[in-house]
Amino acid sequence: MLRKRSERNRAVARICGRTPLDRPDAHVRRLQTGRTYSPCSSHAKLRRREPMVRPFESLKVKSFRGLQGVSLEELGRINILVGGTNSGKTSALEALAIFQDPLDPLTWVHVANQREPSPLAAQMTSAVDRLAVLFKSTDNDAGGRVDVAATGRTPLKSYSATMSRLLAMRPGHDLVEDETGFTREVEVEVERRGLEIDVSIETAQMTFFENRSPFYVWERESVQRRPARAGRMPIRTVTPYDHWLRPNLTKEFTDAVLAGEDHDAIALLRKCDPRIAKAHILTPQQEPMLWLQDQAGVNLPITSFGDGMRRVLKLALEISRASNSVLMIDEVETGIHVSMLQDVF
């Protein structure tokens, strides 16, 4: 296991054009909290020559999940977060993801749900509980606070939010049996848990929009999206399980074909398997599916290939449409063999 970790670190180091991370002369900076941020030296050189302001040049997390007083400085166009298990790497990405639109309740809900691989798994816990974790709050806590700031081209400079737990009688439904034995649904008042989340933002310029907005989340009740704000930062996150979601992969490949951006994705798949000739969408049953064709003309569904092939295709499709946006990849090496990391990235 230690050998695999060492090989992976060397592969990541080769991608960045740096010395291995286990060398004493490696360019790695440790945060005061013990977490690690390792900028690539090649990108540091580019940074001195580029006058363009990047979307994020620094991130300061005063409080978010388990992160307390964490700072990431001198962010480049490409950044790699390196750290041990449960050290806060994913939490840092989630703190950045909320910059897309903190005043929209669904932004918070989507970030809170990102760690669940499917809607079915998300139903195992309450949305109230998942959101409370962002504020590092337990059932014994009455509330919590999130406070994050950033510099760069982002129109939003900081956001903060306070969370308060609620308990109230809410409208609901129940099945009752009348005198004739007929069962019918009636409206009743049920006790439910909820959260009040009061969000405040600071923008780079004066706007006509409100910079503070509370919203409420209740158990077993849907959350409504608010109208999008002008100048919101486009941010997308690739989770370690996104490539398992077959309909999403089929839709994204279709979009790439229509935009003429599928060639790079196919070329990257050939690096993993030189026998691949092309990819196309087929519908042998009711649901369209992505199929790969080899040089002999044999077609196989993408699901019959290894996990790494689907992961590589997902990353290629996301990067091809990442222009003028921020793309964050959680667990960048997931599913990809260490020997292929350099070729892929």
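Refer to the structure printed above.
Everything numeric here is computed off the predicted structure, so don't read it as measured data.

Rules used throughout
Residues numbered from 1 in each chain as written. Predicted model: local features only at pLDDT ≥ 70, side-chain atom pairs only at ≥ 80, totals over all residues. Heavy atoms only, no water. Helix = DSSP H or I, 4+ residues; strand = E, 2+ residues; numbered from the N terminus. Buried < 20%, exposed > 50% of the residue type's maximum accessible area, 1.4 Å probe, protein only. Core = buried A, V, L, I, M, F, W, Y, C linked by side-chain atoms within 4.5 Å. Pairing = 2+ DSSP bridges. Axes fitted to C-alpha atoms, helices over the stretch in contact; angles between N-to-C directions. Contact = heavy atoms within 4.5 Å. Parallel < 35°, antiparallel > 145°, perpendicular 65-115°, else oblique. Left-handed = near helix turned anticlockwise from the far one by under 90°. Nonpolar A, V, L, I, M, F, W, Y, C, P; charged D, E, K, R; others polar. Arc of directions from axis to C-beta. Phe/Tyr/Trp six-rings, centres within 6.5 Å; stacked < 30°, edge-to-face > 60°.

Examining unusual backbone geometry
- With a phi close to 50 degrees, Arg65 is a non-glycine residue in the positive phi region.
- With respect to the secondary-structure elements, Arg65 resides in the loop between strand 3 (58-64) and strand 4 (67-72).
- Given a relative accessible area of 11%, Arg65 falls into the buried group.

Considering the nonpolar core
- Among the nonpolar cores identified, the biggest contains 43 residues, and Phe64, Phe99, Trp108, Leu131, Val148, Tyr159 and Ile197 are the most heavily contacted of them.
- Core analysis: the next-biggest nonpolar cluster, separate from the first, contains 25 residues, Leu249, Leu292, Phe305 and Leu341 among them.

Let's talk about the sheet that holds strand 3
- As summarised here, the arrangement of the 6 strands in space is 4-3-6-7-8-9, forming an open sheet in which the pairing is antiparallel. In the strand order of this sheet, the two ends are held by strand 4 and strand 9 (212-218), each with one partner. Each strand axis lies, on average, 15 degrees off the axis of its neighbour in the sheet, ignoring direction.
- With 5 bridges connecting them, strand 3 and strand 6 (residues 143-151) associate as antiparallel partners. For Lys60, the partnering residue across the bridge sits in strand 6 and is Ala149.
- Together, strand 3, strand 4, strand 6 and strand 7 (156-177) form the strand contacts of helix 3 (residues 89-97), whose direction differs from that of strand 3 by roughly 100 degrees.

Digging into the packing of helix 7 (residues 246-258) against helix 9 (residues 307-320)
- Taken N-terminus to C-terminus, the directions of helix 7 and helix 9 make an angle of 45 degrees; their axes are 10 Å apart at the nearest point. The pairing of helix 7 with helix 9 is recorded here as oblique in orientation. Judged by the twist between their axes, the crossing of helix 7 over helix 9 is left-handed. Counting all contacts with helix 7, which are made through Leu249, Glu252, Phe253 and Ala256, the residues of helix 9 involved are Arg310, Leu313, Lys314, Leu317 and Glu318.
- The residue inventory of the contact of helix 7 with helix 9, partitioned by class, reads 5 nonpolar, no polar and 4 charged.

Quick word on helix 3
- Of all 9 residues in helix 3, 8 are buried; the element is thus mostly enclosed.
- Of all the residues in helix 3, the buried ones are Thr90, Ser91, Ala92, Leu93, Glu94, Ala95, Leu96 and Ala97.

Quick notes on the pairing of strand 11 (residues 276-282)
- Note: strand 11 against strand 12 (residues 289-294), 6 bridges, orientation antiparallel. Residue pairing across strands places Leu282 opposite Met289, the latter belonging to strand 12.
- Hairpin geometry of strand 11 and strand 12 is characterised by an intervening segment of 6 residues between the two adjacent antiparallel strands.

As for the environment of Ala265
- Topologically, Ala265 is positioned in helix 8 (residues 263-272).
- A relative accessible area of 2% places Ala265 in the buried class.

Comments concerning helix 8
- All buried positions along helix 8 are accounted for by Ala265, Ile266, Leu268 and Leu269. When helix 8 is viewed along its axis, its buried side chains cluster within an angular range of 160 degrees and face the same direction. Summarising the geometry of helix 8, the exposed residues directed more than 90 degrees from the buried face are His263 and Asp264.

Let's talk about the sheet that holds strand 13 (residues 299-301)
- Within the open sheet, the 3 strands sit side by side as 11-12-13. Their pairing is antiparallel. Each having just a single partner strand, strand 11 and strand 13 make up the two edges of the open sheet. Direction aside, the axes of adjacent strands within the sheet are offset by 30 degrees on average.
- Packing of helix 7 onto the sheet brings it into contact with strand 11 and strand 12, and relative to strand 11 it is tilted by some 110 degrees.

Some remarks on the packing of aromatic side chains
- A full pass over the atoms with the stated rule returns 5 aromatic pairs.
- Between Phe56 and Phe99, the ring centres sit 5.4 Å apart and the planes meet at 70 degrees, which makes this aromatic pair edge-to-face. Taken together, the residues span a long stretch of sequence, with Phe56 in the loop between helix 2 (41-49) and strand 3 and Phe99 in the loop between helix 3 and helix 4 (105-113) at a distance of 43 residues. This pair shows no difference in class: Phe56 is buried, exactly as Phe99 is.

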